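Reading the structure
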Amino acid sequence: MSTALQVSNLVKRFGGLVATNNLSFSLKEGESLGLIGPNGAGKTTVFSQIMGELRQNSGTIELFGDEISTLSTPQRIRAGVSRTYQIPRPFGEMSVAENIRVGLMPDNIWQMIVSPPDTRRERELALSVGFLKADLGRMPTELAMGDLRKLEMARTMATAPKVMLLDEVFAGLTTGEIAQISDLIQSMRKDGMTFLIVSHDLPALEPLIDRAIAIERGTMIAEGTFSEVMNDKAVQASYLGGV
Ligand SMILES: Nc1ncnc2c1ncn2[C@@H]1O[C@H](COP(=O)(O)OP(=O)(O)OP(=O)(O)O)[C@@H](O)[C@H]1O
């Protein structure tokens, strides 16, 4: 199995704060890795560097063997990595269907102008995350947090990623919605999708991952199976310290 994502010796500083401290980890194709750590540990900052929304001070990020650090965010999305946001970021003036359409847009500007929207695929993606047909025309302002998170998933899936970074996809969801998104992630795993998942909902996270890494103040403190990481003394101290 080839390596999908390789993060090596990543460092990110915000002034005097070291938010990512010489962090290295890799994901094999089709693997699902949990990234855990208390509030402020630096999880979202890692996602932002992988996507190119933040530039690392040093270190490398390789996607399927190619260094992607010099690429723009849209170029990285085209290369096959896509993320959801902890705070959903829909286009406010666009409906559910139109938000998904943005993710489905072809790279080529001319194709974008001449191709009609793929409404069948928009509907398919919306239904797969749990929307009803009647929801397609709804505007983000009408959506509850659970629906906004579902829209994040659908928009991310629309870019046809090979590696998906999921940031707190369960926050604010009902038990039923968590089950629905979990089922969706599991079915994508069966189809070979590679995942890096951040979640404070550890019971929901556990069945979705093959391995976990724990970070504190940007530094990796444990790596292993979910139970190995959760039983690690440094991880337990880190969570207790964060309460
Ligand atoms: N743009 C920024 N400028 C300055 N400091 C930042 C910036 N973004 C994040 N930080 C700091 O970097 C550290 C890591 O933040 P980050 O949001 O990555 O943590 P996190 O693990 O995702 O937290 P949470 O679980 O609360 O979402 C924190 O101390 C945060 O205050």
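As shown above, the structure is provided for reference.
To start, this report covers the structure provided alongside it. (Residues numbered from 1 in each chain as written. Predicted model: local features only at pLDDT ≥ 70, side-chain atom pairs only at ≥ 80, totals over all residues. Heavy atoms only, no water.)

Another point: the sheet that holds strand E1 (residues 3-14). Across the sheet, 4 strands lie side by side as E2-E1-E4-E5; this open sheet has antiparallel pairing. Both edges of this open sheet fall to strand E2 (17-28) and strand E5 (66-67), since each of them pairs with a single strand only. Note that E1 and E2 share 8 bridges and pair antiparallel. In the strand pairing of E2, Arg13 is matched with Val18. (Pairing = 2+ DSSP bridges. Helix = DSSP H or I, 4+ residues; strand = E, 2+ residues; numbered from the N terminus.)

Here the focus is the packing of helix H3 (residues 96-104) against helix H5 (residues 119-128). Packing of H3 against H5 leaves a shortest axis separation of 9 Å and a crossing angle of 110°. With respect to their mutual orientation, H3 and H5 come out roughly perpendicular. Between H3 and H5 the crossing geometry is right-handed. Taken together, the residues of H5 that come into contact with H3 (itself represented by Ala97, Ile100, Arg101 and Leu104) are Thr119, Arg121, Glu122, Leu125 and Ala126. Among the residues making up the contact of H3 with H5, the classes are represented as 5 nonpolar, 1 polar and 3 charged. (Axes fitted to C-alpha atoms, helices over the stretch in contact; angles between N-to-C directions. Parallel < 35°, antiparallel > 145°, perpendicular 65-115°, else oblique. Left-handed = near helix turned anticlockwise from the far one by under 90°. Contact = heavy atoms within 4.5 Å. Nonpolar A, V, L, I, M, F, W, Y, C, P; charged D, E, K, R; others polar.)

It is worth spelling out the side chain of Thr73 at this point. Topologically, Thr73 is positioned in helix H2 (residues 73-79). Setting aside anything within four residues of it in sequence, one finds Thr73 in contact with Met51, Gly52 and Glu53.

A separate point is unusual backbone geometry. A positive phi is found at Asn22, a non-glycine position, where the angle reads about 55°. Residue position: Asn22 is located in strand E2. For Ala160, which is not glycine, the phi dihedral falls at a positive 55°. Position of Ala160 relative to the elements: it lies in the loop between helix H6 (145-158) and strand E7 (163-167).

Residues in contact with the ligand amount to 13 residues; listed here are only the nearest, Gly40, Gly42, Lys43, Thr44 and Thr45. In this structure, Asn39 approaches the ligand through a side-chain N or O atom, which is 3.2 Å from an oxygen atom. The contact in question runs from an oxygen atom of the ligand to an N or O atom on the backbone of Gly42, over 2.9 Å. The protein chains hide 60% of the 640 Å² of surface that the ligand would expose on its own. Residue assignment for the shell around the ligand shows that the elements contributing at least two residues are E2 and helix H1 (43-51). (Near = heavy atom within 4 Å. Polar contact = N/O pair within 3.5 Å; in protein donor to acceptor, adjacent residues only side chain to side chain. Areas by Shrake-Rupley, 256 points an atom, 1.4 Å probe, with all protein chains shown as cover.)

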